[in-house]
Amino acid sequence: MSIEQFSPKGRLADTGEGITGDELQLAARNHGMPLEALRYDLTPPGLHYVLVHYDIPLTNAATWQLTVDGCVEQPLSFGLTSLRAMGRKTVRVTLECAGNGRATLHPRPISQPWLTEAVGTAEWTGVPLADLLQAAGVREDAVDVVFTGADHGVERMVEQDYQRGLTVAEALDSGAIVAWEMNGMPLPPQHGYPLRLVVPGWYGMASVKWLRSIELIDHEFDGFQNSVAYRLRTEAGEPGVAVTRIEPRALLAPPGHPDFMSRHRFVPSGQVTLQGRAWSGWAPIDRVEISTDAGLTWHDAKLDATSNEDLAWRAFSYDWQATPGEHVLTCRAHDESGRTQPIEAPWNRGGFANNSAQRLTVLVT
Ligand SMILES: Nc1nc2c(c(=O)[nH]1)N[C@H]1C(S)=C(S)[C@@H](COP(=O)(O)O)O[C@H]1N2
Ligand SMILES: [Mo]
C-alpha cells in the first residue's frame, strides 16, 4: 500500500492508461442495469444499478432506530413499526448515479467506471420526509437537514459515516420518501435495508441508504459528500459547483443480438422498432430525437403517454428501415425546462453528470 492510493485529490488516468485494478474492483461490486432492461417499465429486482461507497452494513430491522433531532420542537425516534404508523406513500422514481458516463471521459477520472448503465426505476414505498419533519416541528433556526447512513469508511483520507445534506426547503419540497419497500418488497440489503431516503429527481448520492439519523442543523452542512466529493470542478482544489438534479438523458435498448466478448451488435435488415427510455430530474421529458446516421439527421421519436409527476423515465420508440451496413445510432432527450443532451458534455474532474448522447454502433446484416 502506498499513501498515493489514499491521496486527498482524485486521480485522472494517464493518456492511454487502461482500466486499473482499483476500477475493476469497484465495477465488480457496483453493477449497472443491463441496457436490455430498458424494456421494462419498472426495473426488476437485481437489475437496478447499485452503488455503495464502503461496505453493505449488516442491519437488523427488528432493532432499527431512526432518530429525527437537532433544530426541531420535539426530537423523535422511530422503530420500523412506529415509522409505518406515520403514513404510507408509493412513488415511482428513476435513480441515476452522478458518475454515470464517467468512463467515457478523456482524461478518465479514476473512480467507479460507469459507461451509461448506472440507472434504474423502482417504486419506493415509505413515509414522506416532509411528514416526519412536520411531526418533529422544524424550528426557525434550522438551515440544513443531514441524513446519516449506517455505513462507514474512508474516502480521500477522510474517515466518515456516509452523510448527505439538503436544505430545509429541498427536504420539504422535493417529494422525498423515507422508504422501507422497493417494488412492493422489503429493501434488498444493497439498496438500504431496512430504511433509506429516496429523493426524486436528484442524482443518487442524495438518497442515503441504511438511514439511521435525520438531524436539522443551524448552519450550512459542510460534510465530505456535499462539500468535497460531489462537485463539478475543472481544477483540483477549486470549490466547484454542487451536483444536484439529474441532467436529461435518453438511452436506447440495444437492438438485435450481441457478440459475447465485444458486445458488437448485429441487426437483421428491414423494419426495426427502436425502443428506449428518457428522463430528467429537472422537468418532464417532452421530446426525444433519434439519429441512425451518427447525428447527421435527426427524427422525433414517438413518446408514450405518461403521468410524469415523479420524474420517472418515459418510454419512446422509432420505426427504422434498417439497410445493410454499419450504422451509428444515437438519441437525445429534451425536457420541459429547455434542458437537453449535448453530443459531448463538458468535462469535469469528478466525471459527474456526463449526459453526452449515447452512441451505439450496429451492423445490419
Ligand atoms: N449510506 C449510503 N447511501 C448511499 C450510498 C452509499 O454509499 N452509502 N451511495 C449513494 C450513491 S452514490 C448512489 S448513486 C445511490 C445508489 O442507490 P442504489 O444502489 O439503490 O441504486 O445510493 C446513494 N446512497
Ligand atoms: Mo452515485
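Please refer to the structure placed before this passage.
The model shown is predicted, which means the values in this text are computed figures rather than measured ones.

K.L.:
Just to check I follow, could you spell out the nonpolar core for this structure?
P.N.:
One recurring pattern in soluble globular proteins is that nonpolar side chains are buried together. Ranked by internal contacts, the top residues of the largest apolar core, which has 55 residues, are Leu83, Leu129, Phe147, Val178, Ile214 and Leu216. Here the element with the most residues in this core is helix H3 (residues 129–136); it accounts for four residues. Both domains that furnish three or more residues to this core are identified here as domain 1 (3–242) and domain 2 (249–364). For leucine 216, the contacting residues outside a window of four places in its chain are Val68, Asp69, Gly70, Cys71, Val72, Leu133, Val138, Ala142, Asp144 and Val145. Residues Val272, Ile285, Ile290 and Ala333 belong to the second largest nonpolar core, which totals 20 residues.

K.L.:
I tried to follow the pattern of salt bridges on my own but got confused; where do I start?
P.N.:
Where charged atoms from two side chains of opposite charge come close, those side chains can pair. The final tally for this structure, using the stated rule, is eleven salt bridges. As a salt-bridge pair, glutamate 17 and arginine 11 come within 2.8 Å of each other at their nearest N and O atoms. Between arginine 212 and aspartate 161 there is a salt bridge, with its nearest N and O atoms 2.9 Å apart. Placement of arginine 212 in strand S10 (residues 211–217) and of aspartate 161 in strand S6 (residues 158–167) is noted, with a sequence separation of 51 residues between them. For arginine 212, a relative accessible area of 35% corresponds to the partly exposed category. Overlapping salt bridges bring together Arg287, Glu289, Asp300 and Arg332 as one network.

Cut-offs and rules
- Residue positions are counted from 1 within each chain, in the order its sequence is given.
- Chains and ligands are labelled sequentially in the order written, the chains with letters from A and the ligands with numbers from 1.
- Totals for whole chains, interfaces and linings use every residue, but because this is a predicted model, local features are given only for residues with pLDDT of at least 70 and side-chain atom pairs only at 80 or more, for both listing and counting.
- Water and hydrogen atoms play no part in the side-chain values, which are based on all heavy atoms of the structure.
- Think of a nonpolar core as a cluster: buried Ala, Val, Leu, Ile, Met, Phe, Trp, Tyr and Cys residues, connected wherever their side-chain atoms sit within 4.5 Å.
- The cut-offs for exposure are 20% and 50% of the maximum accessible area for each residue type, with area from a 1.4 Å probe on protein chains only; residues under the lower value are buried, those over the upper are exposed, and the others partly exposed.
- By the criteria applied, helices consist of DSSP H or I runs no shorter than four residues and strands consist of E runs no shorter than two, each listed in order from the N terminus.
- The source of the domain bounds is an automatic or database domain assignment.
- Residue contacts are counted whenever heavy atoms from the two residues lie within 4.5 Å of one another.
- Salt bridge, as used here, is a side-chain nitrogen of Lys or Arg placed within 4 Å of a carboxyl oxygen of Asp or Glu.

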